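Next come the chains, spelled out residue by residue.
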Amino acid sequence: MAVQVTGFFQNPQTGLIYESPLLTLVPHLQYAGQIAMDVFIANNGAVGYQSIDKATLTYDTTITDPYTQLIDALDTYVIDNLKDANPINSASTFTKYSPPAPTPEIPLV
């Protein structure tokens, strides 16, 4: 799970500012029905979320796989929360990151 920020990003917990970082999202099970989330900022910082209640997440009903639906809801939760954290983040674009598809290897003849 990752989010690409285009523009400046200010860590809401430390105030440090980064330019167009890739955020890596790492969820952890916490208590029953709750999830914790670590957001790593371009391998140079982190933002922590505790006690995200699964009942408060917004689920995309067009996604039929429950696991994918949960991951998408967590992505959306973190993006919305970080965008609203401060004016610097509000001015930036947050995009769910998908790595490029691997190119098939061509066998040497």
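Q: Could you give an account of the sheet that holds strand β6 (residues 46-53), naming the residues involved and the relevant values?
A: Strand order across the open sheet formed by five strands is β6-β5-β4-β1-β7, with antiparallel pairing between neighbours. Bordering the open sheet on either side are β6 and β7 (93-96), each of which pairs with just one other strand. Mean inter-strand twist for the sheet, computed between neighbouring axes without regard to direction, equals 25°. Sheet analysis places strand β5 (residues 34-41) next to β6, joined by six bridges and oriented antiparallel.

Q: So what's going on with the pattern of salt bridges? Which residues, and what values?
A: Within this structure, the stated rule accounts for one salt bridge. For D72, the salt bridge goes to K96, with nearest N and O atoms at 2.5 Å. Within this pair, whereas D72 is found in helix α1 (residues 66-83), its partner K96 is found in strand β7, the two being separated by 24 residues in sequence. Accessibility expressed as a relative area gives 16% for D72, which makes it buried.

Q: Would you mind going over unusual backbone geometry in detail, with residue names and values included?
A: Unusually for a residue other than glycine, S20 sits at a positive phi of about 45°. Of note, S20 is situated in the loop between β3 (17-19) and β4 (22-29). Given a relative accessible area of 33%, S20 falls into the partly exposed group. The backbone of S51 shows a phi angle near 55°, a positive value even though the residue is not glycine. Of note, S51 is situated in strand β6.

Q: Talk me through the environment of I71; I want residue IDs and the actual numbers.
A: As for its placement among the helices and strands, I71 is situated in helix α1. When the C-alpha atoms of I71 and T14 are compared, they prove to be 26 Å apart, with 57 residues separating the residues in sequence.

Q: I'd like a rundown of the nonpolar core, residues and numbers included.
A: Residues F9, L23, M37, V39, Y49, L82 and F94 are the most contacted members of the largest nonpolar core, which totals 20 residues. Other than its neighbours up to four places away in sequence, V39 contacts L23, T24, L25, G45, A46, V47, Y49, V78 and L82.

Cut-offs and rules
- Residues numbered from 1 in each chain as written.
- Predicted model: local features only at pLDDT ≥ 70, side-chain atom pairs only at ≥ 80, totals over all residues.
- Heavy atoms only, no water.
- Pairing = 2+ DSSP bridges.
- Helix = DSSP H or I, 4+ residues; strand = E, 2+ residues; numbered from the N terminus.
- Axes fitted to C-alpha atoms, helices over the stretch in contact; angles between N-to-C directions.
- Salt bridge = Lys/Arg side-chain N within 4 Å of Asp/Glu carboxyl O.
- Buried < 20%, exposed > 50% of the residue type's maximum accessible area, 1.4 Å probe, protein only.
- Core = buried A, V, L, I, M, F, W, Y, C linked by side-chain atoms within 4.5 Å.
- Contact = heavy atoms within 4.5 Å.

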